[in-house]
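For reference, the chains in residue letters:
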Amino acid sequence: MRLKTSLLKEPKHKELVSCVGWTTADELYSCSEDHQILKWNLLNNETGLVVRLPDDIYPVDLHWFPKTVGAKKQTQAEIFALTSTDGKFHLVSKMGRIEKSVEAHKGAVLAGRWNYDGTALLTAGEDGQIKIWSKSGMLRSTLVSQGCPVYSVAWGPDSDRVLYTSRRQLIIKPLQPSTKVIQWKAHDGLVLKVDWNSVNDLILSGGEDCKYKVWDSFGRLLHSSTSQDYPITSLSWAPDGEVFAVGSFNTLQLCDKTGWSYALEKPNTGSVFNLAWSADGTQLAGACGNGHVIFAHVVEQHWEWKNFSITLTKRRTMQVRNVQNDAVDVLEFRDRVIKASLAFDHLVVATSLQCYVYNSRNWNTPLIFDLKEGTVSLILQAEKHFLLVDGSGLYTFSYEGRLTSSPKFLGMRADILSAQAVSLSNDTIAIRDKSDEKVILFFDPMTGKPLSDGKPLTHKLEVLEVALDQCGPSPERKIALIDKNHDLYLTSVHHLGKEPKICKIGSMVHSMAWNDSANILCGIQDIQFTVWYYPSVVFTDKELLPRTIYTKDGSEFSHAPHILSYVGTKVTLRQGDGSLVYSSVPLYSTLLHEYSASARWEDALRLCRFAKDQSLWACLAGMAMANRDLNTAEMAYAAIGELPRVQYINFIKEQPSKESSLAHMLMFSGHVQEAETTLLQAGLIYQAIQMNIDLFNWNRALELAVKHKTHVDTVLAYRGKFLQTFGRKETNKRFLQYSEGVCSVVLNKLI
């Protein structure tokens, strides 16, 4: 990925350009100290004067009123906030008319930012104050008052916190008065610019120490650049939070969200004072110190899947290479490419007006349909359909281009959904709720309606990442999630009215991905690469889980690797320095899943005998028990030396009825309540009582015996024997009561 820059031979502005802002994806406004506001049209390469400002207005910052909020378009006329050196901010219409000027600060107003829904405007001044204004320009509050200029401010993702600079420090101040303020030293020189992305919740800062840094929202340093040649005068997140741009003297840099640099350009611009991304995240504009406005387009993005490698060579052109036979296809598009995704034999490309769907078997005839909005921020694919996310909502389409559903929920903000917060499978869409990050919502992609009776899954901690498995029938769909403590959990999507069983399968997990053709999960766990061959074993026999794991030393990967994909046996990882590395996983586990899904147990046994791998035998034992194939399970457990389990399986086989066998299989997996219910429904009261006695559930055993008026004396006898063994006396009032009752009945019979 790199930036393709364009610069006019002669600057249109006569003085320093202080700020720029996009109205649409192809139209930009620029303000300069020559008092001119110019409009740049990128479609016909025309530049025109919008208005000449009064001579006493020297613009500093510009921010357009937000166009959309969630799924609603704003009704307010297109206006922008313009701050200036005379201590005022101005609300200016698209035609250049100053609708309102407000005395805001003493000295220059150094920054002005609308919140995400346009209900409040934040201004920061040379006087050290930060003020919040209504959209009509009425003062609501003075949030901060300090003894040094505030050079830059940014709203938090939910517009409930404000990030600002204070000399060498960064400060996050919540709008709620009683909430704790976070403050830390960020740079060795003055902090000049900050930005806070609402999708990834990461903070950028740049300073006079010639470094740019990436922080999380708690002030923890994630990346610090090497010292650049000049101070960092501007920086800006791309809307989707995947990349950011950094500007300094004669320098423009494109970086990944983790901090490493994709590309470095050295245009003749002077200092780049302001950077702005277009809403679709494909174009960048910079306000330059020598009067130029620099434009840059993101090109040479790269996608890989199996034997196909695709590169965006120009804004409207892709090159497809089949590495098996070196065949090359060139795909031409009418409009600029915004997003693309390659998986499951299909390439989905979103341009500014249309969506193209290609089948990997035929690159010549794509399926094309029109898009409502040209700001697609995310594309997710499953085997049968794909999901598009734009500023106004989520849409699922079949690969034939048919819109199947558009899920909606209360408080939905589609503009800040990321690949970590949304997951798609053939029968489920999982979305982490932004308003409460402990909650995961499930939807049916065919209808858009909530799954599981509309009940969401609620975890005990905030969830960082969700991922649905891709294979198997719908009732067995599983979701893996990483929470705030970086623990990895697995649970079922469908609970059938029961409380969901959420099982922990790993700790210190930083990244994960499901395989595309089998329900195998891989992850970066602390300092090693881990593969869970059969994570669902945790629901059948959780003690087998550690034996079904394949680990590889993480020393071959550099700092903080991130898993991009897991296709076939190949795992693609992005290292902390930006380089791609590949790791392979043995094929046997995928074959074993295939045999298990088609009930080919003889083939599965042959595979395990051939591979001589204990982890495969453990997987087979779990799969066979889950599918209730006791003969295969017995052999697999015997192969890993689990003799008590082999004995219990033989005990299950000897049961006189199907219901009894089923109940003991449920017992084997730890589903005690279901096992008891099965026995009671079949009328096997004594077995249900005996099961509770074996588990030392004395109260429940007595309760069942009393309720069904049978075997009370048996329960009391077992309880007495149990207490006698440990030399204890009965203290339970219920048992004492029924013991006396049984004794009196016996005496009456004797009399």
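A quick note: this is a predicted structure, and the numbers were derived from the prediction, not measured.

## Topic: empty space enclosed by the protein
Inference 1: A complete count under the given rule lists 1 cavity of 30 Å³ or more for this structure.
Inference 2: Put simply, the largest cavity is a space of about 90 Å³.
Inference 3: In this structure, the largest cavity is lined by 13 residues; those nearest its centre are Arg413, Ile416, Leu417, Arg432 and Lys434.
Inference 4: Considered class by class, the residues forming the lining of the largest cavity number 7 nonpolar, 2 polar and 4 charged.

## Thoughts on the sheet that holds strand β20 (residues 191-196)
Inference 1: Spatial strand order, β20-β21-β22-β23: 4 strands in an open sheet with antiparallel pairing. The sheet terminates laterally at β20 and β23 (221-224), the two strands that pair on one side only. Looking at each pair of strands side by side, their axes are set apart by 20 degrees on average, direction ignored.
Inference 2: One ladder, built from 4 bridges, connects strand β21 (residues 203-207) with strand β22 (residues 212-215); its direction is antiparallel. What sits directly across from Leu204, in β22, is Val214.

## Quick notes on the nonpolar core
Inference 1: Counting residues in hydrophobic clusters, the biggest one holds 60 residues, and the most contacted among them are Leu488, Phe529, Leu592, Leu620 and Tyr637.
Inference 2: In terms of residues, this core owes the most to one element, helix α4 (residues 614-626), which gives 9 residues.
Inference 3: Counting residues in hydrophobic clusters, the runner-up holds 33 residues, among them Ile310, Leu342, Phe344 and Ile379.

## What about the pairing of strand β17 (residues 161-166)?
Inference 1: A large share of β17 lies buried, amounting to 5 of its 6 residues.
Inference 2: Where strand β16 (residues 153-155) meets β17, 3 bridges bridge the pair, whose relative direction is antiparallel. If you follow Val153 over to β17, its bridge partner there is Tyr164.
Inference 3: Linking two consecutive strands that pair antiparallel, namely β16 and β17, is a turn of 5 residues; a positive phi of about 60 degrees is found at Ser159 within it.
Inference 4: With 6 bridges joining them, β17 and strand β18 (residues 169-174) adopt antiparallel strand pairing. For Thr165, the partnering residue across the bridge sits in β18 and is Leu170.
Inference 5: The hairpin formed by β17 and β18 contains 2 residues between the paired strands, and Arg167 there has a positive phi angle of roughly 55 degrees.

Analysis parameters
- Residues numbered from 1 in each chain as written.
- Predicted model: local features only at pLDDT ≥ 70, side-chain atom pairs only at ≥ 80, totals over all residues.
- Heavy atoms only, no water.
- 1 Å grid on protein atoms, 1.4 Å probe; cavity = no way out; pocket = protein on both sides within 12 Å on 5 of 7 lines; lining within 4 Å.
- Points joined across faces, edges and corners; volume = space filled by probe spheres on them.
- Nonpolar A, V, L, I, M, F, W, Y, C, P; charged D, E, K, R; others polar.
- Pairing = 2+ DSSP bridges.
- Helix = DSSP H or I, 4+ residues; strand = E, 2+ residues; numbered from the N terminus.
- Axes fitted to C-alpha atoms, helices over the stretch in contact; angles between N-to-C directions.
- Core = buried A, V, L, I, M, F, W, Y, C linked by side-chain atoms within 4.5 Å.
- Buried < 20%, exposed > 50% of the residue type's maximum accessible area, 1.4 Å probe, protein only.

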